[in-house]
Amino acid sequence: MPSGSEAGSNEGWLLDEVASAGRENLDAGHVARYDAKEDADAAQEVLLLGRLGLTSESVVVDLGAGTGQFALAVAPACARVVAVDVSSVMLTALRTKVEQAGAHNVEVVQAGFLTYGHHGSPADFVYSRYALHHLPDFWKGVALTRLRDTLRPGGVLRLSDAVYNFEPADAAERIEAWCATGNPPGAGGWGRWELEEHVRDEHSTYTWLLEAMLQRTGFTIEDAEYSDDGIFAKYVLRSTSAQ
Ligand SMILES: C[S@@+](CC[C@H](N)C(=O)[O-])C[C@H]1O[C@@H](n2cnc3c(N)ncnc32)[C@H](O)[C@@H]1O
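None of these values were measured; they are calculated from a predicted model.

**Student:** How should I be thinking about the overall build of the protein chain in this particular structure?
**Tutor:** A count of helical and extended segments in the protein chain gives eight helices and seven strands. Computed over its C-alpha atoms, the radius of gyration of the protein chain comes to 17 Å, within 12% of the 18 Å expected for a compact globule of 243 residues. Along the first, second and third principal axes, the C-alpha set of the protein chain runs to 45 × 40 × 40 Å. In the protein chain, buried positions account for 36% of the 243 residues.

Structure representation (structure tokens):
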């Protein structure tokens, strides 16, 4: 079990989060190319959190932090950032960037949605982008409950992910249209084969299932933004009191 677990000795039944972390996220070549391939638009995300109440006193947890684009961008604007990820390859890249930036208020923790144990003041913000889809839906529910418990009551979860905003009857047409936007091999960016791999091997769900889970686990959906192609969703979620 990864460090950071607070679950004790349980658990032949606990999902292996490293095994389900995504082939590419454990691949050093992919991680080395990641920042050139994927722009998390982190400065805009920090501005959004500022409008939602981020201050120099705030505690922020980044779950599925990857190479830390957001964690490093938010660090100068808050008191403490905990950047959490299951992938040791991602965390090696992240630790290097933290050291180079001299970001002394960023803590790097190897753990997952299902094992991260938060210590200290409750988080004012949890940020998670393109990571929750690595968990099957049953485990998303468990993970969301744990994120809610990481936040102070009234705290904000900023959640972005590949979430399918269409009906099952439209799935083949929508998924094929998305995969057709992927590049051919060797062309850089996201390849068609990587988008196919996402759909086939990972666990993106429907917006209408995820939103039911969010409400069930104690979040109020304050904002939901869907991409026109029906593939991506961004949420601003407010933690209500413990359930
Ligand atoms: C596509 S990357 C996104 C990284 C970053 N959030 C961004 O937006 O650039 C997905 C990240 O989620 C991590 N991840 C996958 N499963 C996870 C889990 N169960 N718990 C925590 N992190 C996980 C992967 O290791 C990877 O670093």
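**Student:** Would you explain the nonpolar core in this entry?
**Tutor:** Ranked by size, the top nonpolar core spans 57 residues in total, and within it V60, A71, V81, A83, V84 and V126 carry the most contacts. Looking at this core, the element that brings in the most residues is helix α4 (residues 88-101), giving five residues. Ignoring sequence-local partners within four residues, the contact set of V60 consists of V74, C78, V81, A123, D124, F125 and Y127.

**Student:** What exactly am I supposed to notice about the site of the ligand here?
**Tutor:** Around the ligand, the surrounding shell holds 22 residues, and the nearest of these are G64, G66, S87, G112 and A131. In the shell around the ligand, the residues fall into 10 nonpolar, eight polar and four charged.

**Student:** When you look at unusual backbone geometry in this model, what are you seeing that I'm missing?
**Tutor:** Across residues other than glycine, the phi torsion is negative in most instances, and most of the peptide bonds are trans. Despite not being glycine, D41 shows a phi value in the positive range, around 50°. As for its placement among the helices and strands, D41 is situated in the loop between α1 (28-37) and α2 (42-51). Note on D41: 15 C-beta atoms within 10 Å, which makes it partly exposed. At Y130, a residue that is not glycine, the phi angle is positive and equals roughly 60°. For Y130, the location among the structural elements is in the loop between β4 (123-129) and α5 (137-150). With 18 C-beta atoms packed within 10 Å, Y130 lands in the partly exposed category.

Rules used throughout
- Residues numbered from 1 in each chain as written.
- Predicted model: local features only at pLDDT ≥ 70, side-chain atom pairs only at ≥ 80, totals over all residues.
- Helix = DSSP H or I, 4+ residues; strand = E, 2+ residues; numbered from the N terminus.
- Rg over C-alpha atoms; globule rule 2.2 N^0.38 Å.
- Buried ≥ 20, exposed ≤ 12 C-beta atoms within 10 Å, placed from the backbone.
- Core = buried A, V, L, I, M, F, W, Y, C linked by C-beta atoms within 7 Å.
- Contact = placed C-beta atoms within 7 Å.
- Near = placed C-beta within 6 Å.
- Nonpolar A, V, L, I, M, F, W, Y, C, P; charged D, E, K, R; others polar.

These results come straight from atomic positions and should not be treated as a statement about function.
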